[in-house]
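# Working through the structure, step by step
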Amino acid sequence: MPELPEVERGRHMAEIGLVGKRIAAVEIASDPIVFANVEPLEFARALEGKRVISAKRWGKQLWLELDGPPHPLFHFGMSGSFRMQGDDPLRLAAGPNESTDQWPPRFWKILLRADDGTELVMTDARRLGRILLRSSPETQPPIAKLGFDALINPPTSRELAKRLAGRRTPIKSLLLNQSFSAGVGNWIADEVLFQAGIAPTRLASTLDTQETKRLRAKLVSVVRRGAECTVSNQPYPKHWLFHHRWGKQAGAKTTGGDLIEHITVGGRTTAWVPSKQA
DNA sequence: CTCAGTGTTCAGTG
DNA sequence: TCACTGAACACTGA
């Protein structure tokens, strides 16, 4: 699930559920992969009793700023999400396997209980997610290595043009590079390029001024609208490629009736509309 | 049983 | 050293 909008949803959930409260208890699932060999007891002890000052996000990284270090940093990998008891009426944050009728839900990795009883968990079925502690999250890797976040500090078209110059890689690959544009994942890259009318295989350095302007505008609008929809449990706009791109269906078409083709770019399945993207 | 998959890392290449 | 590529990772569900 988690590209920038889904992670923003997690941040929002943590903001509503935890910010301003004290962490009364922490439960850690035994998982040396997701916790990268941090001792469960040590991890729990680092958080218990601390007050949550804010919930922050950069790209796909999400962290809680506590009233003292260290601060917990979450990455959702391919299948992670935050869940809160009683939240999520439309189950958008839950995969079909993550039934909401058990608590903590299947595949839970960490449970944070606030001093008012609110409980928030991170689940991760595929275990490609990570939970770390950082003394100063924003100045340390992995966050320190990330590029711009299209929701927080998008570049101007002029700046974007500079960063595109000399990059001999398909524009889609560059968009997926987190040190270039943090938070962009596979379907967002495809959606942005579709709406901007740029073929995913185009070498980044070959985009002209108009294309760069469109790319910049769509990067910002897709990410912003995507986050708004995901946070508020609303579906994405009906004209988005998103609704038609899954499953590699032969003959799949956009809302506008244009044929969708599936190829591989940068090692990832890529949906695009040849008649609209040059 | 096989395979794809909303992500990242790392060894290998040029 | 840098930019880039592709396999590997781990697991579920179709």
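A brief look at the structure comes next. Along each chain, numbering runs from 1 in the same order as the chain's sequence is written. All chains are assigned letters beginning at A, and all ligands numbers beginning at 1, according to the order in which they are written. At least 70 in pLDDT is required for a residue's local features to be given in this predicted model, at least 80 for side-chain atom pairs to be given and counted, and no such filter applies to totals for whole chains, interfaces and linings, which use all residues.

Looking now at the overall build of chain A. Starting at the N terminus, helices and strands are each numbered in turn, a helix being any DSSP run of H or I of at least four residues and a strand any DSSP run of E of at least two. Of regular secondary structure, chain A possesses six helices and twelve strands. The C-alpha atoms of chain A give a radius of gyration of 20 Å, which matches the 19 Å a tight globule of 278 residues would have. C-alpha extents for chain A along the principal axes are approximately 55 × 40 × 30 Å. A sequence separation of at least 24 residues applies to 68% of the contacts in chain A between residues at least 6 apart. Our radius of gyration looks at C-alpha atoms and nothing else; its globule reference is 2.2 Å times the residue count to the power 0.38. By the convention adopted here, residues make contact when the C-beta atoms placed from their backbones lie within 7 Å.

Being paired, for any two strands, means DSSP has found at least two bridges between them. Strand order across the open sheet formed by four strands is 1-6-7-5, with antiparallel pairing between neighbours. Both edges of this open sheet fall to strand 1 (23-28) and strand 5 (80-84), since each of them pairs with a single strand only. Neighbour to neighbour, the strand axes of the sheet diverge by 15° on average, direction disregarded. Two strands pair when backbone bridges link them, and strand 6 (residues 108-114) and strand 7 (residues 119-124) are joined in this way by five bridges, in the antiparallel orientation. Paired with Ile110 across the bridge in strand 7 is Met122. Its contacts with the sheet put helix 1 (residues 4-18) on strand 5, strand 6 and strand 7, and the angle it makes with strand 5 is roughly 30°. Axes here mean lines fitted to C-alpha atoms, for a helix over just the part in contact, with angles spanning 0 to 180 degrees between N-to-C directions.

Turning our eyes to something else, we now look at the sheet that holds strand 3 (residues 61-66). Backbone hydrogen bonds hold the strands of a sheet together, and the pairing may be parallel or antiparallel. Strand order in the open sheet formed by four strands is 2-3-4-8, with antiparallel pairing between adjacent strands. Of all the strands in the sheet, just strand 2 (52-58) and strand 8 (130-134) have a single pairing partner and so form its edges. Averaged over all pairs of adjacent strands, the angle between their axes in this sheet comes to 20°, without regard to strand direction. Summarising the sheet, strand 4 (residues 71-75) and strand 8 pair through five bridges and their orientation is antiparallel. By the bridge assignment, His71 is partnered in strand 8 with Arg134. Sitting on the sheet, helix 1 touches strand 2 and strand 3, and the angle it makes with strand 2 is about 175°.

Summarising the element assignment, Gln61 is placed in strand 3. In this scheme the burial state of a residue depends on its C-beta neighbours within 10 Å: 20 or more other such atoms mean buried, 12 or fewer mean exposed, and anything in between means partly exposed; the C-beta positions come from the backbone. The exposure class of Gln61 is buried, given the 25 C-beta atoms found within 10 Å. Non-local contacts of Gln61, meaning those with residues more than four positions away in its chain, are made with Leu73, His75, Pro142 and Ile143.

Right, let's get into the pairing of strand 6. With five bridges joining them, strand 1 and strand 6 adopt antiparallel strand pairing. Opposite Ile28, over in strand 6, you have Ile110 as the bridge partner. Hairpin connection of strand 6 to strand 7: four residues between the antiparallel strands, including Gly117 at a positive phi of 95°.

What follows concerns the environment of Cys229. Within the secondary structure layout, Cys229 lies in helix 6 (residues 209-231). Classification of Cys229 by C-beta neighbours within 10 Å gives partly exposed; the count is 17. Spatially, the C-alpha atoms of Cys229 and Pro32 are 34 Å apart, while their sequence positions differ by 197 residues. Those residues in contact with Cys229 that lie beyond four places of it in its chain are Gln234, Pro235 and Tyr236.

Each nonpolar core comprises buried Ala, Val, Leu, Ile, Met, Phe, Trp, Tyr and Cys residues, the members being joined through C-beta atoms within 7 Å. Counting residues in each nonpolar core, the largest one holds 60 residues, and the members touching the most others are Ile110, Ile188, Val192, Leu193 and Val223. Considering each element in turn, this core owes the most residues, seven residues, to helix 5 (residues 186-196). In this view, Val223 contacts Leu4, Ala150, Leu151, Gly183 and Ile188; residues no more than four positions away in its chain are not counted.

Attention shifts here to the pairing of strand 5. By the criterion of burial, strand 5 is predominantly enclosed, with four of the five residues buried. Note: strand 5 against strand 7, five bridges, orientation antiparallel. Looking across to strand 7, one finds that Gly80 is bridged to Asp124.

The bulk of non-glycine residues show a negative phi, and the bulk of peptide bonds are trans. Cis peptide bonds are those with omega within 30 degrees of zero, and the linkage from Trp103 to Pro104 qualifies with -5°. Note that Pro104 resides in the loop between strand 5 and strand 6. The omega angle of the peptide bond from Pro141 to Pro142 is 5°, so this bond is cis rather than trans. Structurally, the position occupied by Pro142 is in the loop between strand 8 and strand 9 (148-149). The backbone phi angle of Arg127 is positive, close to 60°, even though this residue is not glycine. Relative to the assigned elements, Arg127 resides in the loop between strand 7 and strand 8. Residues other than glycine seldom take positive phi values, yet Asn233 does so here, at roughly 60°.

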